[in-house]
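# Descriptive structure summary
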Amino acid sequence: QAVSAQEALTEIPRSALSLACSGARIHFPLLATSRRLEPIARAMSCTEFINQALLRDLPTERRWSYLCFSCALLVALGSHQFVGPVKTAVFMDVVGTDWEPVAKSSVLVVLVPLLIGYSVLVSLYKAPEKLVLAICAFYAAFYLLIVAGLISGHGHPPAWVAWLLYYTTETKGVIVMPMIWSVITDVTTPDLAKKAYPIMFFAVQIGGIAGSYLAIQVNDVGGEAGLLLMQTASFVLIALLARIACRMATSGEGEGLVDAAPEDSQDGARQGATPTTAWSLVTDQLYKGCEGVWLLVSRPYVFGAFWVSYANLMPRTILDYQNSVLGVNSFENRNDQIAFFGKVNLIINCGTALLTLIGTRPIVEALGVGQSLLVLPVGMFFCMLALCFRYTLFMSTASLVVVCILAYGLNSPCKEMLYVRTSREIKYKAKSWSEMYGNQLMKLFGAQVNLWVNRESDLCSPHCFQTHTTLIVSSVWVALWFGVAARLGAQHRELEKDDKYVK
């Protein structure tokens, strides 16, 4: 192999450290060349920067509420960052690298009953903290079962443990954090979102950094079983923090959360009709469970938000699979594999934290939400191009790091700002379906490329990556993604101008 695993881990931080800030003022010399980006190039005083970071221009209750929400997201991301490498290493070691595209393709099927059940819970639990508690209890029970199976296998768990760990982790990643964000957007106005979201994303990355570090120190925290037990315990903390945050958000505002967007009168009339029989109750809940799909496909703005939010996952799934294959082939010991994936996650989270701390807010203020959504597809194209021209562990890791930083640090905050201009029904139901199904649907498309084009097998080993086909498919995808993002940006500017909401 052209580049060793050790070189891949030592070269990336050097590139990341090339970005430096000096003194008490922050400058963006590259962006200053464009007159349109002058707000980014302007120096920011240290006092202004600290005030923005601490959200001192927000009411005290709101500030503490956002702090608790940030901590809940911090714990959720941190636990996902150390359990993700465990999932990858255990599955590829026990089941095999050639089965990963198959498992990724079938995640969508597993999500169907989970999403219907989630939408039903949204209808049943009007208090968001109860919804968070129910979901956290559900996943905590599954992780306890996985830990029991892992311990009983004495280092060689049965295949069912690896499959259950894979599906539990994959579905958790697209349910828990989006659920928390749905609660946050429900109590946030557009002005508050622009002020609070960038620094919240920075705070969340602290959890990602800590979680990645725990994965690196896997041998010192009880191995795989220790990390999985910590994941189980994290659900208790998430539920507690969400409860406190919701109480702070409603402090002084009466009972219930106050919507940032006005409710549709028809929605209220329908919610007021109470089913009188068991059959009508079941059909009513099924209708509510599937209502998110209709809200998604019947509102062009919502469908566009769904597309630009998760279109990056198709080519990113290709990058992630290649990085996993090269990483597993470079390290024989399972704990070493977990440590390697943890180091990659650590670099991603550090880069995302840096971007959200000093870049996201000025970029969004200068470009606007719509045009900020165009940055990721451009970056994705060049990263795929780089991997196709140089297929090494270093290049796959570097490409994955760059696109993840742009996705988490810029695209994700913009995605949340898009949904601020929607009603509560869309935030909880359509947004949930788009985040959960959208997440897995885009991964499914990428998994098909991995399965039918780049799947590892003895026939093509050691080089099963088809560069030309992958580049052509990725280029067409990125072009479509760019066009949808440009159109959605224009729609969002109209909503902002007219101060309207999508219902």
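Residues numbered from 1 in each chain as written. Predicted model: local features only at pLDDT ≥ 70, side-chain atom pairs only at ≥ 80, totals over all residues. Heavy atoms only, no water.

### Observations concerning the overall build of the protein
Convention followed: Only DSSP runs of H or I reaching four residues or more are called helices, and only runs of E reaching two or more are called strands; each is numbered from the N terminus. Contact criterion: two residues are considered in contact whenever any of their non-hydrogen atoms come within 4.5 Å of each other.
When you go through the protein residue by residue, the secondary structure sums to 20 helices and zero strands. For the protein, restricting intrachain contacts to residue pairs at least 6 apart in sequence, the fraction spanning at least 24 positions comes to 84%.

### A closer look at helix H17 (residues 375-389)
To keep things clear, this is the line we draw: For a helix, the expected span equals 1.5 Å multiplied by the number of residues minus one. Partly exposed residues are those whose accessible area sits between 20% and 50% of the maximum for their type, while under 20% is buried and over 50% is exposed, using a 1.4 Å probe and protein chains only. Directions are taken from the helix axis to each C-beta atom, and the arc is the one they span.
Taking 1.5 Å as the rise per residue, H17 with 15 residues should run 21 Å; its terminal C-alpha atoms sit 22 Å apart, in good agreement. Every buried residue of H17 is listed here: Leu 376, Pro 377, Gly 379, Met 380, Cys 383, Met 384, Leu 387 and Cys 388. Down the axis of H17, the buried set is contained in an arc of 165°. They therefore lie on one face. Away from its buried face by more than 90 degrees, H17 exposes Phe 382 and Phe 389. If you follow the buried residues of H17, they end up packed against helix H14 (313-330), helix H18 (393-420) and helix H20 (467-498).

### Structural notes on the packing of aromatic side chains
Spelled out, the test is: In this scheme Phe, Tyr and Trp rings, the latter by its six-membered ring, pair at centre separations within 6.5 Å, and the angle between planes marks the pair as stacked below 30 degrees, edge-to-face above 60, and tilted otherwise.
Considering all chains together, one arrives at 16 aromatic pairs under this definition. An angle of 90° between the planes, with centres 6.0 Å apart, marks the rings of Tyr 166 and Tyr 167 as edge-to-face. Residue classification places Tyr 167 among the buried positions, given a relative accessible area of 18%. Relative to Phe 465, the ring of Tyr 391 lies with its centre 4.8 Å away and its plane at 15°, an arrangement referred to as stacked. Highlighted residues: Tyr 391 in the loop between H17 and H18 and Phe 465 in the loop between helix H19 (424-452) and H20, separated in sequence by 74 residues.

### Remarks on the pattern of salt bridges
Rules: Any carboxyl oxygen of Asp or Glu within 4 Å of a side-chain nitrogen of Lys or Arg constitutes a salt bridge here.
This structure, assessed with the given rule, holds ten salt bridges. A salt bridge links Arg 334 to Asp 93, with the nearest nitrogen and oxygen atoms 2.6 Å apart. Of this pair, Arg 334 sits in helix H15 (residues 334-358) while Asp 93 is found in helix H4 (residues 60-94), placing the two residues 241 residues apart along the sequence. A residue is classified by how much of its surface remains accessible, and Arg 334, at 13% relative accessible area, is buried. Asp 93 sits in the partly exposed class, given a relative accessible area of 45%. A salt bridge links Glu 170 to Lys 104; its shortest N-O distance comes to 3.3 Å. On the criterion of sequence distance, the pair formed by Glu 170 in helix H7 (residues 159-173) and Lys 104 in helix H5 (residues 100-124) is long-range, its members being 66 residues apart. The buried category is assigned to Glu 170, whose relative accessible area is 6%.

### Some details on the packing of H4 against H15
Put simply, the test is: Lines fitted to C-alpha atoms define the axes here, with helix axes fitted over just the stretch in contact, and angles between the N-to-C directions of these axes take values from 0 to 180 degrees. By convention, the crossing between two helices is left-handed when the near helix turns anticlockwise from the far helix through less than a right angle, and right-handed when the turn is clockwise. Nonpolar residues are Ala, Val, Leu, Ile, Met, Phe, Trp, Tyr, Cys and Pro. Charged residues are Asp, Glu, Lys and Arg, and all others, Gly as well, are polar.
Orientation of H4 relative to H15, taken along the N-to-C sense of each, is 145°, at an axis distance of 9 Å. The element H4 and its partner H15 pack so that their crossing is right-handed. Every residue of H15 that contacts H4 at Leu 77, Gln 81, Pro 85, Val 86, Thr 88, Ala 89, Val 90, Asp 93 and Val 94 is listed here: Arg 334, Gln 337, Ile 338, Phe 341, Gly 342, Asn 345 and Asn 349. For the contact of H4 with H15, a count of residues per class yields eight nonpolar, six polar and two charged.

### A short note on the environment of Phe 381
In this structure, Phe 381 sits in helix H17. Taking the relative accessible area as the measure of exposure, Phe 381 reaches 31% and is therefore partly exposed. Spatially, the C-alpha atom of Phe 381 lies 6.6 Å from that of Ser 475, the residues being 94 residues apart in sequence. Setting aside anything within four residues of it in sequence, one finds Phe 381 in contact with Ser 475 and Val 478.

### What about unusual backbone geometry?
With a phi close to 55°, Asp 499 is a non-glycine residue in the positive phi region. Take Asp 499: it is sitting in the segment after H20. Given a relative accessible area of 53%, Asp 499 falls into the exposed group.

### Focus: the environment of Ser 412
Turning to its location among the elements, Ser 412 is positioned in helix H18. In this structure the C-alpha to C-alpha distance between Ser 412 and Phe 201, which are 211 residues apart in sequence, comes to 8.6 Å. Beyond its immediate chain neighbours, meaning those up to four positions away, Ser 412 contacts Phe 201 and Ala 407.

### Some details on the packing of H4 against helix H10 (residues 223-249)
What counts is decided by this rule: Throughout this description, any angle smaller than 35 degrees is read as roughly parallel, any larger than 145 degrees as roughly antiparallel, any in the 65 to 115 degree range as roughly perpendicular, and the remainder as oblique.
Following both chains from N to C, one finds H4 and H10 inclined at 160°, their axes separated by 8 Å at the closest point. Considered as vectors, H4 and H10 are oriented roughly antiparallel to each other. With respect to the hand of their crossing, H4 and H10 are arranged in left-handed fashion.

### Digging into the side chain of Gln 81
Within the secondary structure, Gln 81 is located in helix H4. Overall, the relative accessible area of 10% leaves Gln 81 in the buried class. With residues up to four places along the chain from it excluded, the contact list for Gln 81 reads Gly 208, Gly 211, Ser 212, Ala 215, Asn 345 and Asn 349.

### Digging into a nonpolar patch on the surface
The condition is simple: Patches here are clusters of residues that have more than 30% relative accessible area and form no salt bridge, with a 9 Å joining cutoff for like charges and a 5 Å cutoff for nonpolar side chains (Val, Leu, Ile, Met, Phe, Trp, Tyr). All accessibility values rest on the Shrake-Rupley procedure with a 1.4 Å probe; residue burial counts only the protein chains present in the view.
Together, Val 293, Trp 294, Val 297 and Phe 303 line one region of the surface with nonpolar side chains, adding up to about 400 Å² of accessible area. By secondary structure assignment, the location of Phe 303 is in helix H13 (residues 300-310). Residue classification places Phe 303 among the partly exposed residues on the basis of a relative accessible area of 38%.

### Focus on the side chain of Arg 316
The following threshold applies: Counted as positive: Lys and Arg. Counted as negative: Asp and Glu, with His and the chain ends omitted from the count.
Residue placement: Arg 316 occurs in helix H14. Notably, Arg 316 is buried but unbridged: the nearest opposite-charge side chain belongs to Asp 320, and the N-O separation is 6.8 Å.

### Comments concerning H7
For H7, built from 15 residues, the straight-helix expectation of 21 Å at 1.5 Å per residue is met to within 8% by its first-to-last C-alpha distance of 21 Å. Most of H7 is tucked away: eleven of the 15 residues are buried. When H7 is considered as a whole, its buried residues turn out to be Val 161, Ala 162, Leu 164, Leu 165, Tyr 166, Tyr 167, Thr 168, Thr 169, Glu 170, Thr 171 and Lys 172.

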